[in-house]
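Residue strings, one per chain:
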Amino acid sequence: MIYLVEDEESIRELVVYTLCSTGLEARGFACAEEFWGAMRASMPSLVLLDIMLPGEDGLEILRRLREAPDTAKLPVMMLTARGTEYDKVRGLELGADDYLAKPPGMMELVARVKRLLRRSETDSEPEEYSVGGLFVSIPRRLVTVNGKEVSLTLKEFGLLAFMLKNSGIVMSRDKLLSAVWGYNYEGETRTVDTHILTLRGKLGECGQVIRTVRGVGYKAGR
Ligand code: CA
């Protein structure tokens, strides 16, 4: 799934239509607020960001994505208006993976998106996990239980990925909070418990891959 944040409706619809017509999945959002709402529900594999947006702009969205541990490596392509060299430079400084001048040529857009998706798959370590009927691909952001795809929120995916990477190691709630929510998150450790509960529910019969270690925290394992 590709997310696009673009306030110009004609460009937004054209880009989404074009990506979908090449077999990719894409959703468009007119502002940052809609985008973050969708991010809380489900993570994309790539983000296309316009820079000039009403409210929070594309550079600010990019900065926030790069700051959060679970989206720090999410591929991001900036859409820049012609002649705004400064925006392009800022975007690259902030960690954008690529940029494309607007209005983008559709053939070029598709080629660049596909290249970026391929690169992010090959760049990442081959981080895939199979535990019983559970399969998790971290670079593809894919979770299946007995071959059926499971849709996880950003934090649920982050928790599962972090625990699988550290399989067999007992993780305290504080450790999980700082790893998945970030060091500055002022949440309570109860947040971890509620997320683990819904995560287990979504994983169904594979939910027990996350074990409770009484009085300490959680660990992933068979
Ligand atoms: Ca705009």
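Residues numbered from 1 in each chain as written. Predicted model: local features only at pLDDT ≥ 70, side-chain atom pairs only at ≥ 80, totals over all residues. Heavy atoms only, no water.

**Student:** I'm lost on the overall build of the protein in this one. Help?
**Tutor:** Check the secondary structure of the protein and you find eight helices and twelve strands. Rg of the C-alpha trace for the protein: 18 Å, near the compact-globule value of 17 Å for 222 residues, within the 12% margin. For the protein, the spread of C-alpha atoms along the three principal axes comes to 60 × 35 × 25 Å. For the protein, the residues scored as buried account for 48% of the 222 residues in total. Counting only contacts in the protein whose residues sit at least 6 apart along the sequence, the fraction spanning at least 24 positions is 55%. For the protein, the accessible surface area stands at approximately 11,500 Å², while carbon and sulfur atoms represent 51% of it. Treating the 30 positive side-chain charges of the protein as one cloud and the 32 negative ones as another, the clouds have centres 7 Å apart. (Helix = DSSP H or I, 4+ residues; strand = E, 2+ residues; numbered from the N terminus. Rg over C-alpha atoms; globule rule 2.2 N^0.38 Å. Buried < 20%, exposed > 50% of the residue type's maximum accessible area, 1.4 Å probe, protein only. Contact = heavy atoms within 4.5 Å. Areas by Shrake-Rupley, 256 points an atom, 1.4 Å probe, with all protein chains shown as cover. Lys, Arg positive; Asp, Glu negative; His and termini not counted. Charge placed at Lys NZ, Arg CZ, Asp CG, Glu CD.)

**Student:** When you look at the packing of aromatic side chains in this model, what are you seeing that I'm missing?
**Tutor:** Think of a pair of aromatic rings as described by two things: how far the centres are apart, and how the planes are tilted against each other in angle. Inspection of every chain in the model, using the stated rule, returns four aromatic pairs. Measuring from centroid to centroid gives 5.0 Å for Y3 and F29, while their planes differ by 80°, and the two rings are edge-to-face. A residue pair is termed long-range when its members are at least 10 positions apart, and Y3 in strand β1 (residues 2–5) and F29 in strand β2 (residues 26–29) qualify at 26 residues. Residue classification places F29 among the buried positions, given a relative accessible area of 3%. (Phe/Tyr/Trp six-rings, centres within 6.5 Å; stacked < 30°, edge-to-face > 60°.)

**Student:** What is the right way to look at the nonpolar core in this model?
**Tutor:** Generally speaking, nonpolar side chains in soluble globular proteins are found buried as a group. Counting residues in each nonpolar core, the largest one holds 29 residues, and the members touching the most others are L134, V136, V143, L160, L176, L203 and I210. Sorting the residues of this core by element identifies β7 (134–137), β8 (142–145), α6 (154–165), α7 (173–181), α8 (190–203) and β12 (217–220) as the ones contributing at least two each. Among the elements that take part in this core, α6 stands out by supplying seven residues, more than any other. With near-sequence residues (within four places) excluded, V143 lies in contact with L134, F135, V136, K148, E149, V150, L152, F157, L160 and L203. Residues Y3, A32, V47 and L74 belong to the second largest nonpolar core, which totals 23 residues. (Core = buried A, V, L, I, M, F, W, Y, C linked by side-chain atoms within 4.5 Å.)

**Student:** In this structure, what is going on with the domain arrangement of the protein? I would like to understand it.
**Tutor:** Where interface size is quoted, it is often the accessible area lost as the parts come together. We note that the domain assignment places domain 1 (2–123) and domain 2 (128–220) within the protein. Measuring from the centre of the C-alpha atoms in domain 1 to the corresponding centre in domain 2 gives 27 Å. At the interface, eleven residues of domain 1 touch eleven residues of domain 2. Surface buried jointly by domain 1 and domain 2 totals about 880 Å² across both partners, of which 56% is contributed by carbon and sulfur atoms. Of all residues in domain 1, M43, P69 and D70 bury the most surface against domain 2, accounting for 51% of the area lost on that side. Between domain 1 and domain 2 we count one salt bridge in total. K155 is the partner of D70 in a salt bridge, and the nearest nitrogen-oxygen pair spans 3.4 Å. Our count for the domain 1 to domain 2 interface comes out at two residue pairs in polar contact (both at pLDDT 80 or more). Mapped by element, the contributors of at least two residues to the side of domain 1 that touches domain 2 are α2 (32–41) and α5 (106–123). No other element matches α2, which puts three residues into the side of domain 1 that touches domain 2. Of the residues belonging to the side of domain 1 that touches domain 2, the class tally is five nonpolar, three polar and three charged. (Domains from an automatic or database assignment. Buried area = accessible area lost by both parts, 1.4 Å probe. Salt bridge = Lys/Arg side-chain N within 4 Å of Asp/Glu carboxyl O. Polar contact = N/O pair within 3.5 Å; in protein donor to acceptor, adjacent residues only side chain to side chain. Nonpolar A, V, L, I, M, F, W, Y, C, P; charged D, E, K, R; others polar.)

**Student:** I tried to follow the coordination of the calcium ion on my own but got confused; where do I start?
**Tutor:** Octahedral metals with six donors have ideal donor angles of 90 or 180 degrees. Tetrahedral metals with four donors have an ideal donor angle of 109.5 degrees. In the first shell of the calcium ion, the protein supplies D7 (OD), D50 (OD) and M52 (O), at 2.2 to 2.3 Å from the metal. Coordination of the calcium ion draws on donor residues from a single chain, spaced D-x42-D-x1-M in sequence. Note on D50: relative accessible area 3%, which makes it buried. Of the residues examined, M52 reaches a relative accessible area of 63% and is grouped as exposed. (Donors = N, O, S within 2.8 Å, 3.2 Å for Na, K, Ca; no water.)

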